[in-house]
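# Descriptive analysis of the structure
As a plain string of letters, each chain reads:
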There are 2 protein chains.
Amino acid sequence: MERKPTIKDIAKLAGVTPATVSYVLNGNNRVSEETRKRVLSVVRQLNYRPNMSARALVRNRSYRIGLFIPMSPRAFLDPFFAELLRGLTEVALAYRYVASIIYANGLREVESLHIRELVDGLVITEIKMHDEYIRYFYDKKIPFVSLGRGSHKHFEDYVVADAKKGIREAMKYLYRLGHRRIGMVLGPLGYEYIQERYRFFREVQEELGLSFSSQYIATGANSQEGGKEGARRIMLRSTVKPTAILASTDIMAVGVIEFLQSVGYQVPDDLSVVGYDDVQFSKYIRPSLTTIRQNVYEIGRQAGTMLISQLEHLPYKKPLQIPVKLVVRNSTTVNKENL
Amino acid sequence: MERKPTIKDIAKLAGVTPATVSYVLNGNNRVSEETRKRVLSVVRQLNYRPNMSARALVRNRSYRIGLFIPMSPRAFLDPFFAELLRGLTEVALAYRYVASIIYANGLREVESLHIRELVDGLVITEIKMHDEYIRYFYDKKIPFVSLGRGSHKHFEDYVVADAKKGIREAMKYLYRLGHRRIGMVLGPLGYEYIQERYRFFREVQEELGLSFSSQYIATGANSQEGGKEGARRIMLRSTVKPTAILASTDIMAVGVIEFLQSVGYQVPDDLSVVGYDDVQFSKYIRPSLTTIRQNVYEIGRQAGTMLISQLEHLPYKKPLQIPVKLVVRNSTTVNKENL
DNA sequence: TTGTATGCGTTATCAA
DNA sequence: TTGATAACGCATACAA
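Read on for an overview of the structure. These numbers come from a predicted model, not from an experiment.

Cut-offs applied
Residues numbered from 1 in each chain as written. Chains lettered and ligands numbered in written order. Predicted model: local features only at pLDDT ≥ 70, side-chain atom pairs only at ≥ 80, totals over all residues. Heavy atoms only, no water. Helix = DSSP H or I, 4+ residues; strand = E, 2+ residues; numbered from the N terminus. Buried < 20%, exposed > 50% of the residue type's maximum accessible area, 1.4 Å probe, protein only. Areas by Shrake-Rupley, 256 points an atom, 1.4 Å probe, with all protein chains shown as cover. Near = heavy atom within 4 Å. Polar contact = N/O pair within 3.5 Å; in protein donor to acceptor, adjacent residues only side chain to side chain. Nonpolar A, V, L, I, M, F, W, Y, C, P; charged D, E, K, R; others polar. Core = buried A, V, L, I, M, F, W, Y, C linked by side-chain atoms within 4.5 Å. Contact = heavy atoms within 4.5 Å. Least-squares fit on C-alpha atoms with pLDDT ≥ 70 in both. Pairing = 2+ DSSP bridges. Axes fitted to C-alpha atoms, helices over the stretch in contact; angles between N-to-C directions. Phe/Tyr/Trp six-rings, centres within 6.5 Å; stacked < 30°, edge-to-face > 60°.

## Section: the overall build of chain A
On a plain count of helices and strands, chain A comes out with 14 helices and 12 strands. Along the longest, intermediate and shortest principal axes, the C-alpha atoms of chain A span 85 × 40 × 40 Å. Residues counted as buried form 56% of the 339 residues belonging to chain A. For chain A, the accessible surface area stands at approximately 15,300 Å², while carbon and sulfur atoms represent 51% of it.

Below, the structure written as C-alpha cells:
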C-alpha cells in the first residue's frame, strides 16, 4: 500500500503527536531541539509533504494566486502577459501555490466572480482605470500587488519597471546619433504606463536641452492603426519634420513604420523609429525594431514573490523597481542631416 | 457577522441534516422531490456555494488542472500557448476549477514535480516525444487530455485540429491561383503535428494530380533561421523553381520570405508563401502572411471540457476534431507563368 | 427517504 | 516542551 504519508504517520514514527509535528513544520519554536531533529529526520525519510487541501481548509486559504487581466481581445495576444504569467507561475510553484489567470471586464464583472473563492490574492496589471481597481481591491481587503504604482497614498505593494532609465537610454542613443527633433506617438493616456512614458520623454528632453514642440506629439489607440494615425498627424502638421519617432509600445511603432513607408520614407535612413516593450514580433518586422526591453519575466517573479510574502506575512521590500534596457536593431541610424 | 454560509446553515434552515443537503447538491436521487426543492430554495436564498477546500480534502482532489508545456524559451513566447490557456482557463472557472501552467523539461523533471499534488489532471500539448509523455501519464494514471493524437491504441482522450482540411484549402487556393510546383519547408519531424502536416501535403498533392519532387521539400528547425535555411536549400538545388512554398509554421514562413527577399525574389509576385497557425505577428510582417488558422482558443475550451468531464465522470465525446480555415493575406498571388 | 456517525489531514486551543 | 482534542466544511457508509 503506497499511501502518501500523513502527519499522523510522521508523529507515530517520531514518537510524538501530530500537533508536535505541525509545530516543527511551521517553525513554532516552543519545541525542543532534540524532538525537532527527530521529527525532521522522519519527515525526510518518508519524504513527507503536507497535504495542501487539508491545510487550505483549516487555514481558510486556497493556495492559489491570480494574474488579473482585463478581458479584451488584445490582452491575451500580448506576449507581455504570457511572460508575466511565466514568472508568476514559477515563484508560485516554488511556494506550492498555483498561479492562474483571472480575467474580467470591468468592476461589475469582478463583483460577480467571487474572487476570494478563487484565489488568495492577485497581481493586477497596468490596466485602464488602474486606480479604480486598486481602490476596489484595497477596500475589499483582497490582497494584491500592483504592476504600476497608481496614485494611492498608503499603498506600496507595487512593482514598476525603471521606465525613466529606458526612455533616457533611448533618447540619449538617438541624441548621439545626431537626432534633435524627436517625436513621440502615444497610446491612450488613460493608462498609467503611457502617461509615465510620456512624462519621462519630456523630462529627458529637458535633460538633453532639446526644445519641445507639441507638433511632434500625437496620441491614438494602442494598436498598429493608432500608430499609423499618430505618425500621419505628426508628419502632416509639422513643417520641419522630426528625424526620429519614439512610440509608446512596439505595436504602435509598427504602425509608425508602416505609415512612413507608405508615404515614401525610408526607415531608418530618413527617420529613425524606437519602440517600447520588445515583444516577440519586434525582431521579425522589417526593419527589425530598436526598442526598450523590460524584463517582464523578472517583473512577474518579483510581483509573485511580493504577493506571496504578503500572504504569508513574510518580510519583503516594497515597492520594487526593475531595470530595463535598450535593444538596438535596425530601425534606427544616424541622422544624415548631421553628416 | 457576514460569515459565509456552510452546509450546516443550509441544513438548519431547511430543517434537514447536512447529509441531506449534500445529497441534494451532488445529485443523489434518493431524496424526495419536496425536500430537494426546500433545500435548493434555501441554497439560493443564502447564495450558498460549497467550500472547495473542504470538498477537495474529502474527495482527495485539488480542483486544479494544468496545461503542460515543455519548458523552452520558445514555448512561452508562442501565442499558441497563451490562446490555449485562455480557453482552458475559461472552462475551468466555469466548473470552479483553476487552470495553471505546468512546465517541465523532460520526463525526469516531470518526475520531480509531484504532479498529482499540483493538479488533478493535465492537458498536454504537441510536444516533442509526444508519445513518450502520453505513455508516461497513461502509465502513472494521471488523468490527461492530449492535443494531437499520438500513436497509442487505446487512447482516445485527444483533441486535434482538422489539419487535412487546412492544408487542402491552402493547396487548392494555390492551385486556383495557377500554382503547380508547390514546395514545403518543414520543422522537425519529431513533432507529430509536423509529420501530419507533411503527410497531408502529400495526400493533397495527389488529390490535385500534382507530381511530387523531393527537391521541393526541406526540413529545419522550427524557427526563422530554419525557414531561411529550408528555402535556401530548395531554391539552390531545384533547376525548375517552385512557384509557391508552404511552411509548416508561420515563423518558418517568415524565414522563407526573408531568404527569398534576400536573394532578389519578390513575394508574392515571384513566389507565393503560405504559413500555418496564424500567430500574432503574421499580420504585421511585410507582406502580411496568408496562413492556415486554427481556432486555438476553441481547442483550449474543448480540451478543458474533455479533461474536466473525465475527472468528474461526466459523459463526453472523444476524440474531438476542431475546424481550421485559410486566412488570405498578401503573401500569395496568381502564378504569373500562367497569365 | 432521511439521520447518525465518522473520516479526510491539518492546525489551534487548552491542559498538563 | 508536549499531548489530547476539537475544530475546519463536506461526503458517505450505515442505520433507521
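## A look at the protein's contact with DNA strand D
Taken together, 26 residues are adjacent to DNA strand D, and A:Thr35, B:Ile7, B:Tyr23, B:Tyr48 and B:Arg55 come closest. Among the atoms of DNA strand D close to the protein, meaning within 4 Å, 70% are from sugar or phosphate groups. A:Tyr23 places a side-chain nitrogen or oxygen 3.5 Å from a base oxygen of DNA strand D. B:Ile7 has a polar backbone atom sitting 2.4 Å from a phosphate oxygen of DNA strand D. Secondary structure elements with two or more residues in the surface near DNA strand D: helix H2 (18-25) and helix H4 (52-59) of chain A together with helix H2 (18-25) and helix H4 (52-59) of chain B. The leading source of residues in the surface near DNA strand D is H4(B), at 4 residues. Split by residue class, the surface near DNA strand D holds 13 nonpolar, 9 polar and 4 charged.

## Comments concerning the nonpolar core
The biggest cluster of nonpolar side chains holds 112 residues, and the ones touching the most others in it are A:Ile65, A:Val159, A:Phe201, B:Ile65, B:Val159 and B:Phe201. Setting aside chain neighbours within four positions, we find A:Ile65 in contact with A:Leu88, A:Ala92, A:Tyr97, A:Val98, A:Ala99, A:Ser100, A:Val119, A:Gly121, A:Leu307, A:Ile308 and A:Leu311. Core analysis: the second largest hydrophobic core is formed by 48 residues, A:Val185, A:Ile234, A:Val279 and B:Val185 among them.

## Focus on the environment of B:Ile234
If you trace the backbone, B:Ile234 turns up in helix H12 (residues 224-237). Beyond its immediate sequence surroundings of up to four residues, B:Ile234 is in contact with B:Met184, B:Val185, B:Gln215, B:Tyr216, B:Ile217, B:Ala218 and B:Pro242.

## Details of the relation of the copies chain A and chain B
Between the two copies, chain A and chain B, the superposition gives an RMSD of 0.1 Å; the rotation angle is 180° and the shift along the axis is 0.0 Å. In symmetry terms, the pair is related by a two-fold rotation axis.

## Section: the sheet that holds strand S12 (residues 324-327) of chain B
All names here are of chain B. Across the sheet, 6 strands lie side by side as S7-S6-S8-S9-S10-S12; this open sheet has mixed pairing. Each edge of the sheet is formed by a strand with only one pairing partner; in this case those strands are strand S7 (217-219) and S12. On average, each strand axis in the sheet is inclined to that of its neighbour by 20°, with strand direction left out of account. The pairing of strand S6 (residues 182-186) with S7 spans 3 bridges and is classified as parallel. Residue methionine 184 lies in a different strand from S7, and its bridge partner there is isoleucine 217. Those strands touched by helix H10 (residues 163-176) are S6, strand S8 (244-247), strand S9 (272-277), strand S10 (290-294) and S12, and its axis lies near 25° from that of S12. Relative to S9, helix H13 (residues 250-262) is tilted by about 160°, and along the sheet it contacts S6, S8, S9 and S10.

## A look at the protein's contact with DNA strand C
Close contacts around DNA strand C come from 28 residues, with A:Ile7, A:Ser22, A:Tyr48, B:Ser32 and B:Thr35 the closest. Among atoms of DNA strand C positioned within 4 Å of the protein, sugar and phosphate together represent 66%. A:Ser22 is positioned with one of its side-chain polar atoms (N or O) 2.8 Å from a phosphate oxygen of DNA strand C. In this structure, B:Ser32 approaches DNA strand C through a main-chain N or O atom, which is 2.8 Å from a phosphate oxygen. Among the secondary structure elements, those contributing two or more residues to the surface near DNA strand C are helix H1 (7-14), H2 and H4 of chain A together with H2 and H4 of chain B.

## Quick look at unusual backbone geometry
Outside of glycine, negative phi angles account for most residues, and trans bonds account for most peptide bonds. All names here are of chain B. The omega torsion across valine 267 and proline 268 is 10°, close enough to zero to call that bond cis. Within the secondary structure, proline 268 is located in the loop between H13 and S9. With an omega of -5°, the peptide bond between arginine 286 and proline 287 qualifies as cis. Counting through the fold element by element, proline 287 comes out in the loop between S9 and S10.

## Quick notes on the packing of aromatic side chains
In this structure the tally under the stated criterion is 22 aromatic pairs over all chains. The interplanar angle of 15° and the centroid separation of 5.0 Å between the aromatic rings of A:Phe144 and A:Phe155 together place this pair among those described as stacked. With a gap of 11 residues between them, A:Phe144 in strand S4 (residues 144-147) and A:Phe155 in the loop between S4 and strand S5 (158-161) connect regions that are remote in the sequence. Taken individually, A:Phe144 and A:Phe155 each receive the classification buried, so the pair is uniform in this respect. Centroid distance B:Tyr133 to B:Phe137: 6.5 Å. Interplanar angle 35°. Geometry classified as tilted.

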